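These are the residues of each chain, in order.
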Amino acid sequence: MRRYPALLINTADIELWPGGLLRARSNADARALARARWVVRRKRDGQYLAAATAHGLLPLVPHLMREPGIEEALDALDDALSGTRRAHAPDDLLPLSGLQARLEELGIDAESYEDDTGLVLEAEPARLSLAGFDRYRRPLWLQHGAAQGWQRMQQHAAREGVVLEAISGYRSHDYQLGIFERKRSRGLEVADILQVNAAPGYSEHHGGRALDISAPGEPPAEESFEATPAFAWLQQHAGTHGFQMSYPRGNPHGIIYEPWHWCWRR
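Nothing here was measured: the structure is a model prediction, and the numbers come from that model. (Residues numbered from 1 in each chain as written. Predicted model: local features only at pLDDT ≥ 70, side-chain atom pairs only at ≥ 80, totals over all residues. Heavy atoms only, no water.)

A short note on the side chain of threonine 117
Working step 1: Assignment of secondary structure puts threonine 117 in helix α4 (residues 110-117).
Working step 2: Polar contacts involving the side chain of threonine 117 include one to the main-chain amide nitrogen of leucine 119, which spans 3.1 Å.
Working step 3: Contact partners of threonine 117, with chain neighbours within four places excluded, come to Pro252 and His253. (Helix = DSSP H or I, 4+ residues; strand = E, 2+ residues; numbered from the N terminus. Polar contact = N/O pair within 3.5 Å; in protein donor to acceptor, adjacent residues only side chain to side chain. Contact = heavy atoms within 4.5 Å.)

In structure tokens:
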């Protein structure tokens, strides 16, 4: 079985994925990804930009060096390939740059939003650990401590006959912006979207500490999860592993009840 680093290296515009975890979208991608030690991936739309192989960097798009943030990403790639740890410590966070303008484009006043909700901006980690795979066999990325906590909690539940399934973990600011863009394209108003989704930059998922949890046969992110043995088990044991439910009924943030959303707070 192919081995790969259990690490995602994060920059403002680009992610560096370990080889072997991403699915090819074309025959050309398949050939490149089959040889890749690392894959350079644009965060905004998931476009594969380059593959780092044993023989060097293989561009997958024209004009690779014109990509925003590519130099920062390639510096981080050089550190990963050389084995040096000077780029980022495990708990380093990316700067919160550019978010203000993007919120203004949505008509969201950051100061008023924070006053109204009590939410704070969540910086993205510079490195994330592989915490296993979610229900859909996608890699589950979390901050290092949260990844360890999730794995211990999932194993503890399994020993007691309870299956916990991850639905999603880390999400970038760009991912959250995409949620808003897709919902607005369907005719929803920003105020309505904010009832069920935190504003871009304010989701706990950005920090790599939160994950959505479900159980086999349960629909994802539905209130019905509270009636499952898995939810009952979490209420009793999640705190032992450092996890808390972020949005109970009547929470002060004005977010709907989310029995599936748990955040690691140690």
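Re the pattern of salt bridges
Working step 1: Using the criterion set out here, one finds 12 salt bridges in the structure.
Working step 2: A salt bridge links arginine 102 to aspartate 174, with the nearest nitrogen and oxygen atoms 2.3 Å apart. A residue pair is termed long-range when its members are at least 10 positions apart, and arginine 102 in helix α3 (residues 99-105) and aspartate 174 in helix α6 (residues 173-185) qualify at 72 residues.
Working step 3: Take aspartate 174: its relative accessible area is 10%, and that puts it in the buried class.
Working step 4: Two residues, glutamate 165 and arginine 135, come together in a salt bridge whose shortest N-O distance is 2.7 Å. One end of the pair, glutamate 165, is in strand β8 (residues 165-168); the other, arginine 135, is in the loop between β6 (127-133) and β7 (139-142), with 30 residues separating them in the sequence.
Working step 5: Take arginine 135: its relative accessible area is 25%, and that puts it in the partly exposed class. (Salt bridge = Lys/Arg side-chain N within 4 Å of Asp/Glu carboxyl O. Buried < 20%, exposed > 50% of the residue type's maximum accessible area, 1.4 Å probe, protein only.)

Let's talk about the nonpolar core
Working step 1: One finds Trp150, Met153, Leu164, Ile213 and Leu234 to be the most contacted residues of the largest nonpolar core, which totals 25 residues.
Working step 2: Elements represented by at least two residues in this core include exactly β7, α5 (144-159), β9 (210-214), α8 (229-237) and β11 (258-264).
Working step 3: In terms of residues, this core owes the most to one element, α5, which gives 5 residues.
Working step 4: Sequence-distant contacts of leucine 234, defined by excluding residues within four places in its chain, comprise Met153, Leu164, Ile213, Phe225 and Trp262. (Core = buried A, V, L, I, M, F, W, Y, C linked by side-chain atoms within 4.5 Å.)

Regarding the layout of surface pockets
Working step 1: When its volume is computed, the largest pocket comes out at roughly 1300 Å³.
Working step 2: What lines the largest pocket is a set of 50 residues, among which Arg138, Ser168, Tyr170, Arg171 and Tyr175 lie closest to the centre.
Working step 3: Those elements that place two or more of their residues in the lining of the largest pocket are β2 (14-18), β7, β8, α6 and β11.
Working step 4: Examining the composition of the lining of the largest pocket, we find that 8 residues originate from one element, α6, more than from any other.
Working step 5: Classifying every residue of the lining of the largest pocket gives 21 nonpolar, 10 polar and 19 charged.
Working step 6: For the lining of the second largest pocket, the residue count by class is 6 nonpolar, 4 polar and 5 charged. (1 Å grid on protein atoms, 1.4 Å probe; cavity = no way out; pocket = protein on both sides within 12 Å on 5 of 7 lines; lining within 4 Å. Points joined across faces, edges and corners; volume = space filled by probe spheres on them. Nonpolar A, V, L, I, M, F, W, Y, C, P; charged D, E, K, R; others polar.)

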